[in-house]
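# A structural walkthrough
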Amino acid sequence: MRKRDHNVLTNAASLLICGLLAGVVVAAAAFPAVAMSGLAAKAGAETFGNLPTELTVARAPQISYLYASDGKTQLATMYDENRRDVKLADISPYMQKAIVAAEDHDFYKHNGVDINGVARAFVNNQNEAAGRQGASTLTMQYVRLAIAYSATHPADVVAATEDTSARKLREMRLALQVDKEFSKDEILTRYLNLASFGNGAYGIFAASQVYFGKPPSKLKIEEAALLAGMVKAPTTNDPTTTSGRPLALDRRNYVIQNMVETKAITQQEADAAKATKLVVKDKRTPNGCVQATTNSWGFFCDYFYRWWMQQETFGSTTYDRERRLKSGGYTIITSLDVQAQRGADKAVRKAKSETAKEAAMVAAVEPGTGRVRALAVNRQFKLDDPKNPKNRISSDPAKKKKGIRGNYPATVNPLLTGGDGITGYQAGSTFKMFTIVAALEKGIPLSYTINAPKQFRSEYIIEPGPAACPGTNLYCPTNSTESMAGVHNMWSAFGRSVNTYFVPLQQQVGAENVVKVAKRLGINFRSQEDLDLERGAHQWGAFTLGVSQTTPLDLANAYATLAADGKYCEPIPVQEIKDPDGKKLDIAKPRCEKRFSTDVARAAVDAARCPVGDRSSTSKCTGATAPKVRDVVGKPVAGKSGTTDSEKTAALVAMTRQYAVAGIMADPDWPQTNVKMKHNEAGGINQPVWDTLHDAMVGKPGIQFEPPGKKISEGDQRSIPDVKCQTVDAAKSRLKGAGFEPVVSSQKVKSNCPPGTAAGTSPDGRTIKGGVVTIEVSSGGGATPPSAGTPGGTPPSNKPGRPPRPGG
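Within any chain, residue numbers begin from 1 and follow the written order of that chain's sequence. Local features are withheld for residues below a pLDDT of 70 in this predicted model, meaning they are given only at 70 or higher, and side-chain atom pairs are given and counted only at 80 or more; totals for whole chains, interfaces and linings count all residues. Only hydrogens and water are set aside; all other atoms, that is, all heavy atoms of the structure, feed into the side-chain values.

### Observations regarding the overall build of the protein
A count of helical and extended segments in the protein gives 28 helices and 22 strands. Residue burial is assigned from relative accessible area. The probe radius is 1.4 Å, only protein chains are included, and a residue is buried under 20% of its type maximum, exposed over 50%, and partly exposed in between. The burial tally for the protein puts 55% of its 808 residues in the buried class. Of the accessible surface of the protein, which amounts to about 34,200 Å², a share of 51% is contributed by carbon and sulfur atoms. A run of H or I in DSSP becomes a helix once it reaches four residues, and a run of E becomes a strand once it reaches two; helices and strands are each numbered from the N terminus. Residue exposure ignores everything except the shown protein chains as possible cover, and the areas themselves are Shrake-Rupley values with a 1.4 Å probe.

See the structure below:
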């Protein structure tokens, strides 16, 4: 801090006079009767010099600004007090002169305490007929504000503002010291940044924005005079109220005339300023997520707020963290991608209106950083007014019967991210990805084949019911269509969503290992039912079919981890945070770690090309549940769709190397809905997902996914023995002895081999060790059957036509 030169005699005189007046003059200003006692003067002289001279100045509460990832588009503002400190150079000279004219004509002449003013106040206040007159200088007023803002206890705030001689004495003593330590310009700047201007505006920056919608550097004479005239009584002189407007106008004109007296302006300028019509905007700065600049962005804003409240960097308690956010003056560049967010907002509302009970929810995450780029749902982010409710009656029959309103179209619930009672939604067959990853980590390659039956009798024990084999307590899943049965590898089984492939695969690798993979990928279990099932995960047979609850954000981030070659990153809503001094905080950096091998991740993504209609040089796809994704996005994609029993939810994940987008359609108010959630049809979840990904990718290059290694995709390939024309039992024995799993086809084919013998195998060249080899049975007839497979062990192609809807 720069010190100014002071005249030693002047300072000494000031201290002496203040000491003598301490017991008489100041006491008289507050307690005239006491001032008549000689004891007051003696006491004041003895004690004034012993008063504290160190002023502890804490930073006053500052507004925090949230911006989109471009650093320009404002998302929201958060504050306890709407204040932003500015430099004197950013404050109009008229404002600087107006506050001096209004509050302290001799500001540049005295040493913090105006002795003449104190004397005048003493004389004036002895006259009971006269109005009470103060003697506070701008420096003393600054001291008062600084003490109040530095207080650590409510009682200290009261002591800093109560009308007592003790308070005035302390202000005078500290003002003398402040005037020695700071320049007049520094004191003026600090005062203007602290002062209250009413209507939630603290400091000159907020005041100029609230009342005139401009920065303080642009304030005109009449505008500066109005603001300067408000600091003494901002509520009384409020120009936005009917009663306060004429008082504010009178006060403005008073300050303008005072500016003439202080030679700040000419009389001609004053006359012109007085003649200017009083026009104020009365636009309070929005505060919080419910007042986000775009209402639909409130859901992202709320996610950011919840994230901040969990960060111990900002305080040990949630109270401390909230105060830091709303008082810390941070500039926060969030991860919200304006292009992706606008695309998502448009897409979800195109699928479902805001008044629909079905919630179309979409989340987008950036692979490799975990930055959340978009969160969208067909809802309004606000509280329904209990006095004038607009929300529809709940879709839950029990609540509907009682007339309880639902959470649509307005809600502030974290539908997309979970928490506060939102445990998530079943995402169906998107969870089959976790079984693929668990299998790959166990050394089982993508080409691993299983003869998937129409119904699989598992070893998982469940309660007797529709999901159990008749007369047993064993879990026996089926597929969405019978035609899905047959020999499949991971590519074809994932592409067509074959339940009776994935349940036996999960049984082989261990359901508990599949659950662990899901958790390593970032799936959180929030419901008590899921937490209970996790404890007995080895018996969680239906887990691979997506019966656990999740959120669009968790699901998007899980797939993003695989797109990032196995690097898991904690979902994060920020990319830069600066404190008021411009220092960047490390808390905004991505928090990533390698959780899966690159080969495993690339192989899993290679399988995920199939469901969304894409292909790679290594993939062996024979079906797709959401083939339009590749056509709409027009760039290399991967993903998976998912449906639950009775189609109570529908889900789709689609991703490129730059974005992973997950969408879930469900009824958050009543999970047991009787509405069938759709996929490819109009109003289904698929279109919001692929439209969001398409819009996010506009102007960005398509980056090819890296293919997996040969070993993890094809495994240990072995030659298949020639069993042509052997008996079926001999063929089975020979194949089994060669390390394969033989199955006999139920369909007979024409061949030169005797009827009932082996006509050949599918595949008939090479396939993975331990893989399924189908024995084709001859019906005779002389024709040698063509091979139904390929040397690589690819299952036979399914019937042409429209692919079946997702299973599981």
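This is not the end of the story, as more comes after the structure.
### Looking at the packing of aromatic side chains
Here a Phe, Tyr or Trp ring, Trp counted by its six-membered ring, pairs with any other such ring whose centre lies within 6.5 Å, and the pair is stacked when the planes are under 30 degrees apart, edge-to-face when over 60, and tilted otherwise. Applying the stated rule across the entire model yields 15 aromatic pairs. Residues Tyr65 and Tyr67 carry aromatic rings whose centres are separated by 6.3 Å and whose planes lie at 20 degrees to one another, so their mutual orientation is stacked. Of the residues examined, Tyr67 reaches a relative accessible area of 17% and is grouped as buried. Judged by centre distance (5.0 Å) and plane angle (75 degrees), the ring pair of Phe107 and Tyr108 falls under edge-to-face. Overall, the relative accessible area of 0% leaves Phe107 in the buried class. Criterion for a charge above a ring: Lys NZ or Arg CZ within 6 Å of the ring centre, and within 35 degrees of the ring normal. Sitting over the face of the ring of Phe205, Arg84 holds its NZ or CZ atom 5.0 Å from the ring centroid. The ring of Tyr568 has Arg595 sitting right over it, with the charged end atom 3.8 Å from the ring centre.

### Focus on the sheet that holds strand β3 (residues 331–334)
Pairing in this open sheet of 4 strands is mixed, and the strands run β2-β1-β3-β13 from one edge to the other. Looking at the sheet topology across the chains shown, the edges are occupied by β2 (74–78) and β13 (574–578). For this sheet, the mean angle separating the axes of adjacent strands, direction not counted, is 15 degrees. Across 4 bridges, strand β1 (residues 64–67) lies against β2 in antiparallel orientation. Residue pairing for β2: Ser64 is matched across the bridge by Met78. When DSSP finds two or more bridges between a pair of strands, those strands are recorded as paired. Geometry is summarised by axes, namely lines fitted to C-alpha atoms with helices restricted to the contacting stretch, and by angles between N-to-C directions that run from 0 to 180 degrees.

### Remarks on the pairing of strand β15 (residues 638–643)
Most of β15 sits out of view: 6 of its 6 residues are buried. Here β15 shows no split at all, with Ala638, Lys640 and Gly642 on one side and Gly639, Ser641 and Thr643 on the other all buried. Remark: 6 residues form the turn of the hairpin made by β15 and strand β16 (residues 650–655), two consecutive strands paired antiparallel; Ser646 in that turn has positive phi of roughly 60 degrees.

### Points about the packing of helix α4 (residues 93–103) against helix α12 (residues 244–261)
Across the interface, α4 lies against α12 with an axial gap of 8 Å and an inter-helix angle of 100 degrees. By the angle class used here, α4 and α12 are roughly perpendicular. Contacts from Tyr94, Lys97, Ala98, Ala101, Ala102 and Glu103 in α4 reach Arg251, Val255, Asn258 and Met259 in α12. Put simply, Ala, Val, Leu, Ile, Met, Phe, Trp, Tyr, Cys and Pro go in the nonpolar bin, Asp, Glu, Lys and Arg in the charged bin, and everything else, Gly too, in the polar bin. Looking at side-chain class alone, the contact of α4 with α12 contains 6 nonpolar, 1 polar and 3 charged residues. Just so you know how the angles are binned, under 35 degrees is roughly parallel, over 145 roughly antiparallel, 65 to 115 roughly perpendicular, and the rest oblique. The contact criterion used is simple: two residues touch if any of their non-hydrogen atoms lie within 4.5 Å.

### Here we look at the state of the cysteines
Pairs of cysteine sulfur atoms within 2.5 Å are identified as disulfides in what follows. Counted by the stated rule, this structure contains 5 disulfides. A sulfur-sulfur distance of 2.1 Å marks the disulfide that ties Cys289 to Cys301. The disulfide joining Cys289 to Cys301 has a torsion of about -75 degrees about its S-S bond and is therefore left-handed. Placement of Cys289 in the loop between α13 (267–274) and α14 (298–308) and of Cys301 in helix α14 is noted, with a sequence separation of 12 residues between them. Owing to a relative accessible area of 0%, Cys301 belongs among the buried residues under this scheme. Here Cys469 is linked by a disulfide to Cys476, with a sulfur-sulfur distance of 1.6 Å.

### Some points on the environment of Ala273
With respect to the element layout, Ala273 can be found in helix α13. Under the relative-accessibility criterion, Ala273 is labelled buried at 3%. When the C-alpha positions of Ala273 and Arg252 are compared, they lie 9.5 Å apart, and in sequence the two are 21 residues distant. Filtering out sequence-adjacent residues up to four positions away, Ala273 remains in contact with Ile221, Glu222, Arg252 and Ile256.

### A few points about helix α28 (residues 728–737)
Residues of α28 that are buried include every one of Val728, Ala731 and Leu735, and no others. Looking straight down α28, one finds its buried side chains confined to an arc of 60 degrees; they lie on one side. Looking at α28, the residues exposed on the side facing more than 90 degrees away from the buried face are Asp729, Ser733, Lys736 and Gly737. The secondary structure elements touched by the buried residues of α28 are β19 (741–751), β20 (758–762) and β22 (772–781). It is the directions from the helix axis to the C-beta atoms that the arc portrays.

### A short note on empty space enclosed by the protein
Empty space among the atoms can be located by rolling a probe the size of a water molecule over them. Only protein atoms enter the 1 Å grid used here, on which a cavity is any set of points holding a 1.4 Å probe that cannot leave and a pocket is any open set flanked by protein within 12 Å on both sides along at least five of seven lines; residues with an atom within 4 Å of a point are listed as lining. Grid points are joined across faces, edges and corners, and a volume is the space filled by probe spheres set on the points. Scanning the entire structure with this criterion turns up 4 cavities of 30 Å³ or more. Of the volumes computed, that of the largest cavity is approximately 60 Å³. Together, Leu562, Ala563, Asp565, Ala601, Arg602, Val605, Arg657, Phe705 and Glu706 line the largest cavity. Among the elements of the structure, α23 (552–563) and α24 (598–608) are those that each provide at least two residues to the lining of the largest cavity.

### Some details on the pairing of β20
With respect to burial, β20 is a largely interior element, 5 of its 5 residues being buried. Bridging between β20 and β22 involves 4 bridges; their strand directions are antiparallel. For Ser762, the partnering residue across the bridge sits in β22 and is Thr774.

### Re the nonpolar core
Take the buried residues of types Ala, Val, Leu, Ile, Met, Phe, Trp, Tyr and Cys, join any two whose side-chain atoms come within 4.5 Å, and each joined set is a nonpolar core. Formed by 102 residues in total, the largest nonpolar core has its most connected members in Trp308, Phe434, Tyr501 and Ile577. If we skip the residues at most four places from it in the chain, Phe434 touches Val514, Val517, Ala518, Leu521, Ile523, Phe543 and Ala558. Core analysis: the next-biggest nonpolar cluster, separate from the first, contains 67 residues, Leu55, Ala102, Leu176 and Ala206 among them.

### Description of the side chain of Asn199
Within the secondary structure layout, Asn199 lies in the loop between α9 (184–194) and α10 (203–212). One polar contact links Asn199 to Tyr211, side chain to side chain, over a distance of 3.0 Å. At a separation of 3.4 Å, a polar atom in the side chain of Asn199 contacts the side chain of Thr240. Those residues in contact with Asn199 that sit more than four places away from it in its chain are Val210, Tyr211, Asp238, Thr240, Asp282 and Arg284. Counting of polar contacts relies on pairs of N or O atoms within 3.5 Å, with two restrictions inside protein: one atom must be capable of donating a hydrogen and the other of accepting it, and residues adjacent in sequence are counted only when both atoms are side-chain atoms.

### Topic: unusual backbone geometry
Here the bond from Tyr408 into Pro409 is cis, since omega is 10 degrees, no more than 30 degrees from zero. Tracing the backbone through its elements, the reader meets Pro409 in the loop between α17 (397–401) and β7 (410–411). Cis rather than trans, the peptide bond between Ser762 and Pro763 has omega equal to 0 degrees. By secondary structure assignment, the location of Pro763 is in the loop between β20 and β21 (766–768). One non-glycine residue, Lys263, lies in positive phi territory at about 65 degrees. Relative to the elements of secondary structure, Lys263 occurs in the loop between α12 and α13. In this structure, Ser497 is a non-glycine residue whose phi angle is positive, near 60 degrees. Turning to its location among the elements, Ser497 is positioned in the loop between α19 (490–496) and α20 (499–509). On the basis of relative accessible area, Ser497 is assigned to the buried category, the value being 0%.

### Section: the sheet that holds strand β17 (residues 660–666)
The pairing of strands in a sheet comes from backbone hydrogen bonds and takes either a parallel or an antiparallel form. Across the sheet, 5 strands lie side by side as β5-β4-β17-β16-β15; this open sheet has antiparallel pairing. This sheet does not close on itself; its edge strands, each paired only once, are β5 (372–377) and β15. Strand after strand, the sheet turns through a mean of 5 degrees between neighbouring axes, direction not considered. Examined bridge by bridge, β16 and β17 share 6 bridges and lie antiparallel to one another. Bridged to Met655 within β17 is Ala660. Contacts between helix α16 (residues 338–351) and the sheet are confined to β4 (359–365) and β5, with β5 contributing the most and set at about 20 degrees to the helix. Against the sheet, α23 makes contact with β4, β5, β15, β16 and β17, and its axis sits at roughly 35 degrees relative to β4, the strand it touches most.

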